[in-house]
Amino acid sequence: MADAAAFQETSSAPARRWLWRAAAVLTAAPLLAGPAQLPAAAAAQAAPSPGGSRTVDVAIDSLTPVSPDEDDTITVRGSVTNEGRSTIADARVDLRSGPSVGSRSALESAAKRTGYSYGADGQPVGGRYDVKLGTLATGITRAFEVKVPADELDLGNPGVYQLGVSLSGKASGQAYEQVLGIERTFLPWQPEKTSKRTKVGFMWPLISTPHLTAQTESDSGREQTPRFRNDELAKELAPGGRLQQLVALGEDLPVTWVIDPDLLASVETMTKDYKVEHPDGSTTEGKNQALAKQWLSDLQRAVEGRELVALPFADPDIASLAHRGKEVSGAIGHLKPATDLAATTVKTILHRQPRTDFAWPVNGAVDTSVVDVATSAGAHNVITRSDSIRETGNLSYTPTAARPIGGGNTALVADARLSTAFQGDLSRAENSTLAVQEFLAQTLMITQQVPGKERSVVVAPQRMPTAGQAQAMAQAVRALDAGRWTEPIDLGDAVEEPSDPRASTQVPGSGSYPSSLRKQELPREAFEEIQRTQDALTRFQVILSEPDRVVTPFGTAMLRQMSTSWRGDSEEAAAFRDSVADHLTDLTQGVQLIQKSKQTLSGRSASIPVTVQNNLVQGVEGLKLVLRSASPHRLDPGEAQPVEIDGGHSQSVKFDTTANANGLVWVEAQLYTEDGRPYGAPMSFQVNVTEITSTVMLVIAGGVLLTVLAGIRMYTQRKRRASVSSAEAAGGTSAAAEAAAGAPGEPAGTTASGEPASTSGAAEPAGAERDAEPAAEPAGTEESTEESTAEPAGAEAPSEDAAPSGREPSDTEPSDSASAAEKPSAEAAHAEAAHADEPSGQQSDTGPDTEPDTEPARPPEEPPGAPAAETGNGAAPSDRPEGRRADTGRENGGGAGTGEKVER
């Protein structure tokens, strides 16, 4: 009926063929009543053997032209393969023109149909246009080429027609010929330009997986050498590779380039020195610098004059961020820096200002949360798909892509059928040909839906098309370039197109997001790990003298961890995240405290050195080192110390500590940043505090006291000698008389110089000195087990609380003041008697000239019988232990009045 309706508009030759075929059908009608009289050929067409059309596999490898004109000759090339169990005789290849398709859904159903149908697949052109192959044995493949002028096909009105290639023949054991195999495609038939053409915006994606790692190596010149995860990028850039094909094929196409700036940055990095990692962990020098330079040069030429859309750097997975990342503090915050970095990268490398106001969720699937996240970083246009924002108004046509969705944002709804037309394995010529023909047929159907209504549609293919898919896409876009029913439009212009008021603008809720896509999203744990790494990077960079050397590679690696390309490869994504975190940990541990062994401190104060090592190439600053004592009352470790170390060096930081008590003390060393955050692991060590002992302090104190007393004695003797000389000159007083009378403040029985009197009791000549006796005795006095001591007559007892002259008491020395208070000594009583004999009004000289010349007690280690210490005025020190005796003369007697022994 469709052909009959189109009869008036056909040319004369198709009209004649239609009349002859109609007459043949009418003539054969009476014969249908008698099957016995039906010719064998007619029986084969009317009643094909079930499943016979699948015995031979027919492949259409090419069809040219893809959209023929009236004067064109259609050429179909392909192959047939006998997959049956028997040899096929009289094999013949025919081209069949079927009826036109009435709608887009009918076209889709026809594409899925298998097997041969007489009514749907039409009649073969036959005659001289068929290809005879003869005998086709089992398993044999034969190529064919069929050429038929367009006017020989029953093509009437413009539209989409089914076009089939069939193989007919007789299998072994069959008496008649039948169709044993068929392959069908679609032929867009639009010889003239339409009055209203559909505007088609085709996105040409230039996206790859993350290739660079966070790790860099530094040479002797401090240049950073980046490391690639593998050498896959070089394969994609090589001639025939995926990325090379995308650039070469897209150069002359009216498309909008949609680029991931991370790919540009990676290729630009490859133009310099770089390293390539291998599965065993080793690295080798990269050798594809020339390849990378050539690709960038080709790309700069290809995008000249074309619209550029830059995705956020590393193409973050917007849907994963919306569904999982927003639960992790700070995760969504990566999107804005990624957008800013995208613009900078593209402008730097391609010298073009890209558009960064487009967001492209994976497969165009959106919900309210995805739109919110996508527009949070400055993107006001969300590229979605018609299978996500579905039409609810029962439209009979495809509406314009642009849809306002509120908040000043626009949803650019790509056509789902067109966007998925180039999926699958298109490396096979058969699949590629069928994909191109169906894509062209769909675009023509859109135009014919409402011939007088101009609309715009968008094609958003898969993110990373293969080389075969790219070739098919390019072939389809070039076919549309003829402009008979479509015209190209940039993505930016498509957003500005007037929206259809009847088109749906309702963004679906979160529950409508496809579960198959949700399963592929990055888990929440991935974003938590990314944030932990980001926090560690933030703490690390503040101590670096050249933070850009670390922030740049790690900052981009952080974005690469959220890439959409990880979908469907969760294990590889986790391995990449771990590698970034591990490398950052290695770097932070490059600045560390060197473990100390047990320290010993002798004395009340000492310095404790702590070594900080910097294994980084660059210097560190802004650190301070703090020591904490587990027992601050024993050991005070001192104040915090600043740390600043050049790269590859160590620094010894010294702490002035104060010890208050003996014993072991645990000390913890910890580095801190300027904002008070701990940096790195703490280091603990023990300090053994050994204070000065009481015995050592007594010895030291005694020595000091002895030195002081010796100086005082020498000064006193010089003064006395000077006084005697003055008296002799003035009054002629004899030295013997003055010696007998005794100098003021001196005990009886001693010379003017303080020495004991002679044992014979004879007076020494005036002014004479006894040089035979030592000037001072060793420190300390001999301790005696006797309870009596000999004291000189007239000796004055010191105060009970008085300390030895010239020194303060120490808290580590024993005190005898309590014993002296409880039991006054005989020496004190004897001193009082001596004072009683002094003339009335006479006072002892307590000035410097008559200061008691005392000496410290002997250490208890000296053996009994050691010489007793001399005391210049016979006064015993108040801290002398009870029972200790001081001799001012000899034990068996001495000078006048000094030989008696006083007992307690």
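**Some points on the overall build of the chain**
Then, in step 1: Summing up its helical and strand segments, the chain has 24 helices and 29 strands in all.
Then, in step 2: A sequence separation of at least 24 residues applies to 77% of the contacts in the chain between residues at least 6 apart.
Then, in step 3: Carbon and sulfur atoms make up 50% of the accessible area of the chain, which amounts to about 42000 Å² in all.

**Quick word on the sheet that holds strand β9 (residues 212–218)**
Then, in step 1: Here we have 4 strands laid out as an open sheet, ordered β9-β10-β12-β13, and mixed in their pairing. The open sheet has two free edges, formed respectively by β9 and β13 (283–285), since each of these has just one partner strand. Averaged over all neighbouring strand pairs, the angle between strand axes comes to 35°, with direction disregarded.
Then, in step 2: Here 3 bridges tie strand β12 (residues 275–277) to β13, and the two strands are oriented antiparallel to one another. Within the sheet, the bridge partner assigned to K275 lies in β13 and is E285.
Then, in step 3: Contacts from helix α8 (residues 261–270) reach β9 and β10 (224–228) within the one sheet, and its direction differs from that of β10 by about 120°.

**Considering helix α11 (residues 335–350)**
Then, in step 1: Between the first and last C-alpha of α11 there are 22 Å, a value that for 16 residues agrees with the 22 Å anticipated at 1.5 Å per step.
Then, in step 2: Every buried residue of α11 is listed here: L335, A338, T339, A342, A343, T345, V346, I349 and L350.

**Describing a negative patch on the surface**
Then, in step 1: On the surface, D69, E70, D71, D151 and E192 cluster together to form a negatively charged patch.
Then, in step 2: Mapped onto the secondary structure, D69 falls in the loop between β1 (56–64) and β2 (73–82).
Then, in step 3: By relative accessible area, which is 30% here, D69 ends up partly exposed.

**Thoughts on the nonpolar core**
Then, in step 1: If you look at the biggest cluster of nonpolar residues, it comprises 76 residues, and the most contacted ones within it are F540, V591, V610, V612, L625 and L671.
Then, in step 2: With near-sequence residues (within four places) excluded, L625 lies in contact with L593, V610, V612, A640, Q641, V643, V653, F655, A669, Q670 and L671.

**Examining the pairing of strand β3 (residues 88–100)**
Then, in step 1: Where β3 and strand β4 (residues 131–136) come together, 4 bridges link them in antiparallel fashion. Following the sheet pairing, I88 is matched in β4 by L136.

**So, the side chain of T443**
Then, in step 1: Within the secondary structure, T443 sits in helix α14 (residues 429–449).
Then, in step 2: For T443, the side chain forms a polar contact with the main-chain oxygen of L440, separated by 2.7 Å.

**Observations concerning the packing of helix α18 (residues 524–541) against helix α20 (residues 570–588)**
Then, in step 1: Close contact between α18 and α20 brings their axes to 10 Å; oriented N to C, the two are set at 20°. Classified by the angle between their axes, α18 and α20 sit roughly parallel to one another. Along this stretch, α18 crosses α20, giving a crossing that reads as left-handed. Along the contact surface, α18 presents A526, E529, I530, T533, A536, L537 and F540, while α20 presents R577, D578, V580, A581, L584, L587 and T588.
Then, in step 2: Its residues assigned to classes, the contact of α18 with α20 comprises 9 nonpolar, 2 polar and 3 charged.

**A word on the packing of aromatic side chains**
Then, in step 1: Inspection of every chain in the model, using the stated rule, returns 6 aromatic pairs.
Then, in step 2: A centroid spacing of 6.2 Å and a plane angle of 45° characterise the contact between F202 and W204, whose relative ring orientation is tilted. The pair F202 / W204 is uniform in exposure class, with both members buried.
Then, in step 3: Aromatic pair F422 and F439: ring centres 5.0 Å apart, planes at 45°, arrangement tilted. Taken together, the positions of F422 in the loop between α13 (416–419) and α14 and F439 in helix α14 put the pair 17 residues apart, joining distant regions of the chain. One exposure class covers both F422 and F439, and it is buried.
Then, in step 4: The rings of F202, W204, F422 and F439 are connected pair by pair, giving a single aromatic cluster.
Then, in step 5: Residue placement shows R463 over the ring face of W360; its charged tip is 4.4 Å from the ring centre.

**Description of the packing of α8 against α11**
Then, in step 1: Contact geometry of α8 with α11 gives a least axis separation of 9 Å together with a crossing angle of 45°. Judged by the angle between their axes, α8 and α11 are oblique. In the crossing of α8 with α11, the sense of the turn from one axis to the other is left-handed. Seen from α8, the contacting residues are P261, L264, A265 and E268; seen from α11, they are A342, T345, V346, I349 and L350.
Then, in step 2: Its residues assigned to classes, the contact of α8 with α11 comprises 7 nonpolar, 1 polar and 1 charged.

**Observations regarding the confidence of the model for the chain**
Then, in step 1: Overall, the predicted model of the chain reaches an average pLDDT of 79, with 73% of residues at or above 70.
Then, in step 2: Confidence drops under a pLDDT of 50 for residues 1–51, and excluding neighbours within four residues, the segment shows 28 contacts in the predicted structure.
Then, in step 3: Confidence over residues 732–904 falls short of pLDDT 50; this stretch has 240 contacts with residues more than four positions distant or in other chains.

**Section: the pattern of salt bridges**
Then, in step 1: Considering all chains together, one arrives at 38 salt bridges under this definition.
Then, in step 2: As a salt-bridge pair, R227 and E277 come within 3.1 Å of each other at their nearest N and O atoms. Pair noted here: R227 is in strand β10 and E277 is in strand β12, with a separation of 50 residues, a long-range link.
Then, in step 3: Among the charged side chains, a network of salt bridges with common partners joins R92, D94, D130, K132 and E177.

**A few points about the pairing of strand β16 (residues 381–385)**
Then, in step 1: β16 sits mainly inside the fold: 5 of its 5 residues count as buried.
Then, in step 2: The two faces of β16 match: N381, I383 and R385 on one face and V382 and T384 on the other face are all buried.
Then, in step 3: Bridge analysis of strand β15 (residues 358–359) against β16 gives 2 bridges, and the strand direction is parallel. Each bridged residue has a counterpart across the sheet, and for F358 the counterpart in β16 is N381.
Then, in step 4: Where β16 and strand β18 (residues 409–414) come together, 5 bridges link them in parallel fashion. What sits directly across from N381, in β18, is T410.

**Quick word on unusual backbone geometry**
Then, in step 1: The omega torsion across T64 and P65 is -15°, close enough to zero to call that bond cis.
Then, in step 2: Relative to the assigned elements, P65 resides in the loop between β1 and β2.
Then, in step 3: Even without being a glycine, H351 presents a positive backbone phi close to 60°.
Then, in step 4: In this fold, H351 is placed in the loop between α11 and β15.
Then, in step 5: Assessed through its relative accessible area of 59%, H351 is described here as exposed.
Then, in step 6: Residues other than glycine seldom take positive phi values, yet N394 does so here, at roughly 55°.

So, how was this worked out
- Residues numbered from 1 in each chain as written.
- Predicted model: local features only at pLDDT ≥ 70, side-chain atom pairs only at ≥ 80, totals over all residues.
- Heavy atoms only, no water.
- Helix = DSSP H or I, 4+ residues; strand = E, 2+ residues; numbered from the N terminus.
- Contact = heavy atoms within 4.5 Å.
- Areas by Shrake-Rupley, 256 points an atom, 1.4 Å probe, with all protein chains shown as cover.
- Pairing = 2+ DSSP bridges.
- Axes fitted to C-alpha atoms, helices over the stretch in contact; angles between N-to-C directions.
- Expected span 1.5 Å × (residues − 1).
- Buried < 20%, exposed > 50% of the residue type's maximum accessible area, 1.4 Å probe, protein only.
- Patch = residues over 30% accessible without salt bridge, like charges linked within 9 Å, V, L, I, M, F, W, Y side chains within 5 Å.
- Salt bridge = Lys/Arg side-chain N within 4 Å of Asp/Glu carboxyl O.
- Lys, Arg positive; Asp, Glu negative; His and termini not counted.
- Charge placed at Lys NZ, Arg CZ, Asp CG, Glu CD.
- Core = buried A, V, L, I, M, F, W, Y, C linked by side-chain atoms within 4.5 Å.
- Polar contact = N/O pair within 3.5 Å; in protein donor to acceptor, adjacent residues only side chain to side chain.
- Parallel < 35°, antiparallel > 145°, perpendicular 65-115°, else oblique.
- Left-handed = near helix turned anticlockwise from the far one by under 90°.
- Nonpolar A, V, L, I, M, F, W, Y, C, P; charged D, E, K, R; others polar.
- Phe/Tyr/Trp six-rings, centres within 6.5 Å; stacked < 30°, edge-to-face > 60°.
- Lys NZ or Arg CZ within 6 Å of the ring centre and 35° of its normal.
- pLDDT = per-residue confidence, 0-100.

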